[in-house]
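Below are the chains, spelled out letter by letter.
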Amino acid sequence: MQVTLNLTDQSTKFIINNLYPLYLHDLSEIWEWKPNKYGVFEDDEILTLNEQNKVFDIWWSKQSILFPYLIKVDDIPAGFALVATPPYTPHDSDFYVNEFFILRSYRGKGVAEKAAIKVFNNHLGTWELQTNPNGGNKRAQTFWRKTIENYTEGNYQEEVSETEDDGNRLIFRFNNSRNTLK
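Residues numbered from 1 in each chain as written. Predicted model: local features only at pLDDT ≥ 70, side-chain atom pairs only at ≥ 80, totals over all residues. Heavy atoms only, no water.

To continue, consider the overall build of the protein chain. Scanning the protein chain from terminus to terminus reveals 4 helices and 7 strands. When the helices and strands of the protein chain are read in sequence order from the N terminus, they spell out β-α-α-β-β-β-α-β-α-β-β. In summary, the protein chain has a C-alpha radius of gyration of 16 Å against a globular reference of 16 Å for 182 residues, a match within 12%. With respect to the three principal axes, the spread of C-alpha positions in the protein chain is 50 × 35 × 35 Å. Here the protein chain, with 182 residues, has 46% of them falling under the buried criterion. Considering only residue pairs separated by 6 or more positions, the protein chain has 58% of its internal contacts joining residues 24 or more positions apart. (Helix = DSSP H or I, 4+ residues; strand = E, 2+ residues; numbered from the N terminus. Rg over C-alpha atoms; globule rule 2.2 N^0.38 Å. Buried < 20%, exposed > 50% of the residue type's maximum accessible area, 1.4 Å probe, protein only. Contact = heavy atoms within 4.5 Å.)

Before going further, it helps to examine the packing of aromatic side chains. Within a pair of aromatic rings, the relevant descriptors are the distance that separates the centres and the angle that separates the planes. Counted under the stated rule, the structure contains 19 aromatic pairs. Centre to centre, the rings of Tyr 20 and Tyr 23 are 5.8 Å apart; their planes meet at 40°, and the pair counts as tilted. Taken together, the positions of Tyr 20 and Tyr 23, both in helix H1 (residues 13–31) and 3 residues apart, correspond to about one turn of that helix. Their ring planes at 35° and their centres at 6.2 Å tell us that Tyr 20 and Phe 80 sit as a pair that is tilted. (Phe/Tyr/Trp six-rings, centres within 6.5 Å; stacked < 30°, edge-to-face > 60°.)

All right, on to the environment of Phe 80 then. The residue Phe 80 is located in strand E3 (residues 76–84) in this model. Judged by relative accessible area, Phe 80 falls into the buried class, the value being 0%. Each C-alpha atom, one on Phe 80 and one on Asn 168, is 24 Å from the other, the two residues being 88 residues apart in sequence. Beyond its immediate chain neighbours, meaning those up to four positions away, Phe 80 contacts Ile 16, Leu 19, Tyr 20, Tyr 23, Tyr 69, Leu 70, Ile 71, Glu 99, Phe 100 and Phe 101.

Another point: the sheet that holds strand E6 (residues 156–163). Spatial strand order, E1-E2-E3-E4-E5-E7-E6: 7 strands in an open sheet with mixed pairing. One side of each edge strand has no neighbouring strand; the edge strands of this open sheet are strand E1 (3–7) and E6. Neighbouring strand axes in the sheet, compared pairwise and without regard to direction, differ in orientation by 30° on average. As judged from the 8 bridges shared by E6 and strand E7 (residues 167–175), these two strands associate in the antiparallel manner. When the sheet's bridge partners are listed, Glu 158 is paired in E7 with Phe 172. Against the sheet, helix H3 (residues 111–122) makes contact with E1, strand E2 (66–73), E3, strand E4 (95–102), strand E5 (126–131) and E7, and its axis sits at roughly 40° relative to E1, the strand it touches most. (Pairing = 2+ DSSP bridges. Axes fitted to C-alpha atoms, helices over the stretch in contact; angles between N-to-C directions.)

On to the packing of H3 against helix H4 (residues 138–152). Between H3 and H4, the least distance of the axes is 11 Å, while the angle of their chain directions is 50°. Our classification of the angle between H3 and H4 gives oblique. The two elements H3 and H4 cross, and the hand of that crossing is right-handed. Along its contact with H3, which presents Ala 112, Glu 113, Ala 116, Ile 117, Phe 120 and Asn 121, the element H4 presents Phe 143, Trp 144, Lys 146, Thr 147, Ile 148, Asn 150 and Tyr 151. By residue class, the composition of the contact of H3 with H4 is 8 nonpolar, 3 polar and 2 charged. (Parallel < 35°, antiparallel > 145°, perpendicular 65-115°, else oblique. Left-handed = near helix turned anticlockwise from the far one by under 90°. Nonpolar A, V, L, I, M, F, W, Y, C, P; charged D, E, K, R; others polar.)

For E4, the buried fraction is high: 7 of the 8 residues fall into the buried class. Across 6 bridges, the pairing between E3 and E4 is antiparallel. Directly across from Val 83, in E4, lies its bridge partner Val 97. Judged from the 3 bridges that link them, E4 and E5 form a sheet pairing that is parallel. Within E5, the residue paired with Tyr 96 across the bridge is Glu 128. Following the backbone out of E4, through H3 and into the adjacent parallel E5, one traces a crossover that is right-handed. (Right-handed = clockwise from strand over helix to strand, strands pointing away.)

Moving on, we come to the pattern of salt bridges. A side chain with one charge can pair with a side chain of the opposite charge if their charged atoms come near. For the coordinates displayed, the defined rule picks out 9 salt bridges. Note that Arg 104 and Asp 26 form a salt bridge whose closest N and O atoms lie 3.0 Å from each other. You can see Arg 104 sitting in the loop between E4 and H3 and its partner Asp 26 sitting in helix H1, a full 78 residues away along the chain. Relative accessible area serves as the criterion here: at 11%, Asp 26 is assigned to the buried category. Glu 113 is the salt-bridge partner of Lys 146, the closest N and O atoms lying 3.5 Å from each other. Of this pair, Lys 146 sits in helix H4 while Glu 113 sits in helix H3, placing them 33 residues apart in sequence. Assessed through its relative accessible area of 47%, Lys 146 is described here as partly exposed. Overlapping salt bridges, with partners in common, bring together Asp 26, Glu 29, Arg 104 and Arg 107 in one network. (Salt bridge = Lys/Arg side-chain N within 4 Å of Asp/Glu carboxyl O.)

Here it is as structure tokens:
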């Protein structure tokens, strides 16, 4: 299985846009979200997935600040990783995993870990990522803990903390600058 990571642009963003509703559907199980009255997982009254995609367009409007990566397995879309840099990062980190998604058919096969490592290796500096700390999110918690533990050889911080915008979160922080990893 060949896992690749490609930065998307205006001509390929539609692939991530196609995957995004599946991601929100998966998250709805963890966060107990319900779709709006039009069947779209959004808080406001967005009528269509096309309208939802327009809200999401910021990812392709700030090329050296926001990095929308498409994850493929054997040239088939398998997920995405959205990486932000300042001013879109918390706690003065250099990089922030804003969203990370792997389709269910690729889970448990090492795809997510390979993709995450590729993402981390593309950007050296201080990192932060957050996930839901509740019991319904054990798979993601275990994945990130194991992946970051292996990647940093244990040189990372983990805490549960209240965030300004999103409430209680399990937060992982590490620095992958060449001189900080063992």
